[in-house]
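Remarks on the overall topology
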There are 2 protein chains.
Amino acid sequence: MLCPFQIKFEEVEERYVEPFHFTLDAVCEKTGARAGTLTTPHGIIKTPVFMPVGTLGTVKSLAPEDLAGLNAQIILGNTYHLYLRPGCDVIDEFGGLHQFMNWDRPLLTDSGGFQIFSLAKLQKMTEEGAHFQSHIDGSRHLLTPEKAMEIQVCLGSDIAMALDECIPYPASHEQALESLGLTTRWGKRSKEAWEQTKRPGHALFGIVQGGMYGDLRKQSAEELREIGFDGYALGGLSVGEPRDLMLEMAGISLPYLPQDRPRYIMGVGKPQDLVDMVNLGADMFDCVLPTRNARNGQLFTSRGPLNICNAQHRTSSLPVDEECQCYTCRNYSRAYLRHLYMSRELLSYRLNTIHNIAFFISLMEKAREAVLANSYEAFYKDFFQKIETGA
Amino acid sequence: MLCPFQIKFEEVEERYVEPFHFTLDAVCEKTGARAGTLTTPHGIIKTPVFMPVGTLGTVKSLAPEDLAGLNAQIILGNTYHLYLRPGCDVIDEFGGLHQFMNWDRPLLTDSGGFQIFSLAKLQKMTEEGAHFQSHIDGSRHLLTPEKAMEIQVCLGSDIAMALDECIPYPASHEQALESLGLTTRWGKRSKEAWEQTKRPGHALFGIVQGGMYGDLRKQSAEELREIGFDGYALGGLSVGEPRDLMLEMAGISLPYLPQDRPRYIMGVGKPQDLVDMVNLGADMFDCVLPTRNARNGQLFTSRGPLNICNAQHRTSSLPVDEECQCYTCRNYSRAYLRHLYMSRELLSYRLNTIHNIAFFISLMEKAREAVLANSYEAFYKDFFQKIETGA
């Protein structure tokens, strides 16, 4: 019997692939806020954009249809996690992560650098690459820039990331400088390997490092520009530094990145952080905050966060956020969501995640509208007034 | 601001309510297998029917749309669980369980008798009712027949169940006889309380007990008929007895129940059990098996169960069951489902549950078609041949 599942693969393989490019749709006059359009082999992305994190080939608790219903334009996969589980040989059998996980919109994968820094055991960086032991079974691995590209080509990421080294906060100027050099050299090797093996039209982004030192951030950005990438990311932010310092580093780095390429802030952050980063000229964001906090019962709203376990919601027929049009807010009361959460019901995680992802995605949609209307300043003021006063 | 959630309540309240009734559409000539139509205030149900279990106001891991997509015609809620969490006062605020959980099709609730028997601590039955301590916090409660009706009226169940006492297996004839007497007297009190407080058109079923003694099953069925219920259930089966004994008890009991009322086998069972019970003339089933086993990685198929964690599925692009048309089988490979399960991803539980519920529901749909075509015998033979040989 012919399995309908298998027919689908062929359809995906045959379709026309448009090569990656970026166009700026508008730049807000009074601020640096931008609106743009990214074209990838799996479709276009309107920026600013929030990208939900699908660590292991699934955005925790959601199905692809849930994400499409939330207007998720692109999601992330984690190279480190997928390389360990289920392994590239499994995903290769399916022709890539898109087909394996049943997602037909764009995918971005990180290079694994950050997870090796934050999750792996006994990690050691050499010129060759990142040596580490798996956090699952202790097995030994070496991730070189070339290997990181090979894995991402296998995954079929529309946007791949160069291998970088992430350093802790605080770090000395000397340590940050040395690490930056390694990230640049790995970036160059990533680019060379990518050019030889990439799938047609797929993109590679470089990652700016340099710790919390403005001069090093500038140096890193310039070195990456010299290599030349399809887009540029800021890495090593939101690693424990004060919020002001994070914004300062972004403010210093972004002007050194080319205007005509997308700018991606990795692993950031709270809704306030995103609105501030867009203000500084950033285009793309990913963060586990909405998904992870959803599973801990914290729901984001236009009036600030709400803890669904709070007894005040016990009989409340109100939706989580009266301004929200997501599936959860249209269909469920705070009382029901509280009941599910208190009972640790599986549906709780999905409904909470749907709301939080909807909040982050629609926040970026509104930011885009504001840029296109040349009114980002007013949007910014209104957003902070509401979220900080709760009124 | 007017919340769209609240508007919905009013719509539900205003609609026309058709009173409960049952019609027999067909009875298979060579076997006792029946096809029928149940009409309830929230819609009709074609029998034989499998009813997914929504213990705490949610079928674990599924949203109402998932259930509707699976053609779930009716689901269960557990009186014992909902009484303890979130409590009747919360559900009463919403006008009933339908509105609280966003489910607009029929609902059946049990009376709590079985959960007090199997879950509660320090349970003690007196003539007055069931005394027990909550399995959650140890709080003390008394569930009388009158209280069980009050709770189910509050929940707004289309089909409520009389309070019964469930006994362990094995039990002596004396113990089973004494318990049967209590169940009959509680059934009478349940009926009296129900008649005074029920919502218009809602139904009450009685529960046949009597342990594993044919004479007591007959006595129980006759005593319940004397009281008169809208439908009749067999309780106290699948409590540890051999499968043959369970079928023997059903075979003895069912003929003593009225032909023109629905017959419900509580808490049973495997696919094979359902097919055998339909053969004996049963109409309705509920069981946690498909949902619970889904969360443990066991998937039901027309060729027997499949354990998704098995290494043989590591790179398999096959669906779980090539004969299945469910969302999971149409969109995901065994390899992806195995990966999700091994990674303990939340999506695993939902996709597995969707498949298992689809299997149970479609099995009963096929059974109904066979009865209508007067070919249940052939269906029965084919089903057991496939599932037992795997070929």
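Residues numbered from 1 in each chain as written. Chains lettered and ligands numbered in written order. Predicted model: local features only at pLDDT ≥ 70, side-chain atom pairs only at ≥ 80, totals over all residues. Heavy atoms only, no water.

Digging into the overall build of chain A
Each helix and strand in chain A was counted, giving 16 helices and 16 strands. In terms of overall dimensions, chain A is globule-like: its C-alpha atoms have a radius of gyration of 21 Å, near the 21 Å expected for 391 residues. By its C-alpha atoms, chain A is 60 × 60 × 40 Å across when sized along the principal axes. Burial status across chain A gives 62% buried among its 391 residues. Sequence-distant contacts, at least 24 apart, represent 67% of the contacts inside chain A between residues at least 6 apart. A total of about 14700 Å² of accessible surface is found on chain A, and carbon and sulfur atoms cover 50% of it. (Helix = DSSP H or I, 4+ residues; strand = E, 2+ residues; numbered from the N terminus. Rg over C-alpha atoms; globule rule 2.2 N^0.38 Å. Buried < 20%, exposed > 50% of the residue type's maximum accessible area, 1.4 Å probe, protein only. Contact = heavy atoms within 4.5 Å. Areas by Shrake-Rupley, 256 points an atom, 1.4 Å probe, with all protein chains shown as cover.)

Some points on the UniProt feature "binding site: Zn(2+)" (unreviewed entry) in chain A
Residue and element names in this part refer to chain A. Those places that UniProt annotates as "binding site: Zn(2+)" (unreviewed entry) correspond, in this numbering, to C324, C326, C329 and H355. These residues run over 32 residues, yet every pair of their C-alpha atoms falls within 8.2 Å of each other. Here C326 lies in the loop between β16 (306-307) and α13 (327-331). Look at C326 and you get buried, because its relative accessible area is 5%. Among the secondary structure elements, H355 is positioned in helix α15 (residues 346-372). (UniProt positions renumbered as here; feature names shortened; annotations may be inferred.)

Concerning the relation of the copies chain B and chain A
The two copies are related by a screw operation: chain B maps onto chain A through 180 degrees of rotation and 0.0 Å of translation along the axis, at an RMSD of 0.0 Å. In symmetry terms, the pair is related by a two-fold rotation axis. No C-alpha of chain B lies nearer the rotation axis than that of L346 of chain B, which sits 3.8 Å from it. When the interface residues of chain B are mapped onto chain A, 98% of them again lie at the interface, so the same face is used by both copies. (Least-squares fit on C-alpha atoms with pLDDT ≥ 70 in both.)

A word on the pairing of strand β3 (residues 43-47) of chain B
Residue and element names in this part refer to chain B. Where strand β2 (residues 34-40) meets β3, five bridges bridge the pair, whose relative direction is antiparallel. Counted as the bridge partner of T37 is K46 from β3. Hairpin connection from β2 to β3: two residues lie between these consecutive antiparallel strands. (Pairing = 2+ DSSP bridges.)

A closer look at the packing of aromatic side chains
All names here are of chain B. In this structure the tally under the stated criterion is 34 aromatic pairs over all chains. On the numbers, 6.0 Å between centres and 75 degrees between planes, the contact of F20 with F205 is edge-to-face. You can see F20 sitting in the loop between α1 (4-14) and β1 (21-27) and its partner F205 sitting in strand β11 (residues 203-208), a full 185 residues away along the chain. Residue F205 is classed as buried on the basis of its relative accessible area of 0%. Considering the side-chain rings of Y380 and F384, the 4.8 Å spacing of their centres and the 50 degrees angle between planes classify their relative orientation as tilted. Here F384 and Y380 lie together in helix α16 (residues 376-389), a separation of four residues that amounts to about one turn. (Phe/Tyr/Trp six-rings, centres within 6.5 Å; stacked < 30°, edge-to-face > 60°.)

Regarding the sheet that holds strand β5 (residues 75-77) of chain B
All names here are of chain B. If you walk across this open sheet you meet the eight strands as β4-β14-β13-β12-β11-β10-β6-β5, and the pairing is parallel. Pairing within the sheet leaves two strands with one partner each, and these edge strands are β4 (49-51) and β5. Within the sheet, the average angular offset between the axes of one strand and its neighbour, ignoring direction, is 25 degrees. Relative to strand β14 (residues 284-286), strand β13 (residues 263-265) is paired through two bridges, and the arrangement is parallel. Opposite I265, over in β14, you have F285 as the bridge partner. The sheet strands contacting helix α9 (residues 214-227) are β11 and β12 (231-234), and the helix crosses β11 at an angle near 155 degrees. (Axes fitted to C-alpha atoms, helices over the stretch in contact; angles between N-to-C directions.)

Thoughts on the interface of chain B and chain A
Between chain B and chain A, the residue contacts involve 49 residues of the former and 48 residues of the latter. For the pair chain B and chain A, the summed buried surface comes to about 4300 Å²; carbon and sulfur atoms form 57% of the total. Remark: the boundary between chain B and chain A carries six salt bridges. A salt bridge links D89 of chain A to R314 of chain B; its shortest N-O distance comes to 2.7 Å. Applying the counting criterion to the chain B and chain A interface returns 16 residue pairs in polar contact (both at pLDDT 80 or more). When contributions to the side of chain B that touches chain A are tallied by element, the ones reaching two or more residues are α1, α2 (64-69), α4 (88-93), α5 (97-101), α13 (327-331), α14 (334-342) and α15 (346-372) of chain B. The biggest single contributor to the side of chain B that touches chain A is α14 of chain B, with five residues. Of the residues that constitute the side of chain B that touches chain A, the class distribution is 23 nonpolar, 13 polar and 13 charged. (Buried area = accessible area lost by both parts, 1.4 Å probe. Salt bridge = Lys/Arg side-chain N within 4 Å of Asp/Glu carboxyl O. Polar contact = N/O pair within 3.5 Å; in protein donor to acceptor, adjacent residues only side chain to side chain. Nonpolar A, V, L, I, M, F, W, Y, C, P; charged D, E, K, R; others polar.)

Side note on the state of the cysteines
Residues and elements named next belong to chain A. Counted according to the given criterion, the structure contains zero disulfides over all chains. Cysteine C154 remains unbridged, with the sulfur of C88 as its closest cysteine sulfur at 4.3 Å. A residue is classified by how much of its surface remains accessible, and C154, at 12% relative accessible area, is buried. (Disulfide = S-S within 2.5 Å.)

Description of the UniProt feature "active site" (unreviewed entry) in chain A
Residue and element names in this part refer to chain A. As recorded in UniProt, the sites labelled "active site" (unreviewed entry) are D110 and D286. In sequence the annotated residues extend across 177 residues, while in space they remain close, none of their C-alpha pairs exceeding 10.6 Å. Within the element layout of this structure, D110 appears in the loop between β6 (107-109) and α6 (113-118). Topologically, D286 is positioned in strand β14 (residues 284-286). Given a relative accessible area of 8%, D286 falls into the buried group. The contacts of D286, once residues within four sequence positions are left out, are F50, M51, V53, L76, Y264, I265, M266, G267 and V268. Among the polar contacts made by the side chain of D286, one reaches the side chain of Y264 at a distance of 2.8 Å.

Considering the sheet that holds strand β1 (residues 21-27) of chain A
Residue and element names in this part refer to chain A. The three strands lie next to each other as β1-β2-β3, forming an open sheet whose pairing is antiparallel. The sheet terminates laterally at β1 and β3 (43-47), the two strands that pair on one side only. Averaged over all pairs of adjacent strands, the angle between strand axes in this sheet comes to 15 degrees, irrespective of strand direction. Against the sheet, α15 makes contact with β1, β2 (34-40) and β3, and its axis sits at roughly 115 degrees relative to β2, the strand it touches most.

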